[in-house]
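What follows is each chain in one-letter form.
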Amino acid sequence: MVKYAKAVMYAYPLLKSVEKDYDQYIRNKALLSYKCEAFTAAWAIAKRIEEKRSLVWLRERVDKLLKGLTPSERTLVEIRYFGRKDLENTQAGRQRSYFRMQNRLAKKIACILSGLGLTQEVFENSFAQLDIFQTIYRFAERKGVAF
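All of the points below concern the structure found in this document. This is a predicted model, so every value here is computed, not measured.

Here the focus is helix α5 (residues 95-115). Its 21 residues place the ends of α5 30 Å apart at the C-alpha level, agreeing with the 30 Å of an ideal helix rising 1.5 Å per residue. Buried within α5 we find Y98, M101, Q102, L105, A106, I109, A110 and L113. Turning to α5, the residues buried within the fold contact α1 (2-11), α3 (38-67) and α4 (71-81). Of the residues flanking the end of α5, it is G117, one or two places downstream, whose phi is positive at about 100°.

Counted under the stated rule, the structure contains seven salt bridges. Between E73 and K108 there is a salt bridge, with its nearest N and O atoms 2.8 Å apart. Of this pair, E73 sits in helix α4 while K108 sits in helix α5; the two residues are 35 residues apart in sequence, bridging distant segments of the chain. A relative accessible area of 15% places E73 in the buried class. What emerges from the salt-bridge pattern is a single network uniting E19, R59 and D63.

Formed by 38 residues in total, the largest nonpolar core has its most connected members in L55, I109, L113, F123 and F133. Looking at this core, the elements that each hand over two or more residues are α1, α2 (15-31), α3, α4, α5 and α7 (131-143). With eight residues, α1 is the single largest residue contributor to this core. Among residues more than four places away in sequence, those in contact with L113 are Y4, A5, V8, V62, L65 and L118.

What counts, and where the lines are drawn
Residue indices follow the written sequence of each chain, beginning from 1 at its first position. pLDDT decides what is reported in this predicted model: residues at 70 or higher carry local features, side-chain atom pairs at 80 or more are listed and counted, and totals for whole chains, interfaces and linings draw on all residues regardless. Values reported for side chains reflect all heavy atoms of the structure, with hydrogen atoms and water molecules removed beforehand. Runs of H or I in DSSP of at least four residues are treated as helices and runs of E of at least two as strands, each being numbered from the N terminus. For a helix, the expected span equals 1.5 Å multiplied by the number of residues minus one. Here's how the labels work: a residue is buried when its accessible area is under 20% of the maximum for its type, exposed when over 50%, partly exposed in between, all with a 1.4 Å probe on protein chains only. Contacts were defined at the residue level, with two residues in contact if any of their heavy atoms lie within 4.5 Å. For this document, the term salt bridge refers to a Lys or Arg side-chain nitrogen within 4 Å of an Asp or Glu carboxyl oxygen. Side-chain atoms within 4.5 Å link the members of a nonpolar core, which is a set of buried Ala, Val, Leu, Ile, Met, Phe, Trp, Tyr and Cys residues.

Purely spatial values, then, with no claim about function.
Structure (structure tokens):
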């Protein structure tokens, strides 16, 4: 249940730049559409526009989620998912309690995302196959990061 929520949180810092990449792709595909059949080009462009809309929707849900977290929870999110390195500044003094807090927070994040409309099923149907999430899964596999 929590795996998809963790993937979403790892992707969150990248979403704005991915949205810009989609814009560039769509623009380039439209400019080069004279080289292929119009229907094929239109279909590819429409598909990317829909994917981008989905990612914007996803980013907005995570924005809402982050606003609802306490400052200490946001710090834990930043350390775990956004690359912040200052573990000693968190309320979790010992490593063991830090990991317990992270596990509880991951479950809370999954529940909040579910309440915002992003369930495991929605994620699997709308996002799991997108390149950004496939890349995150491959990276986690190589690094041995457990979801």
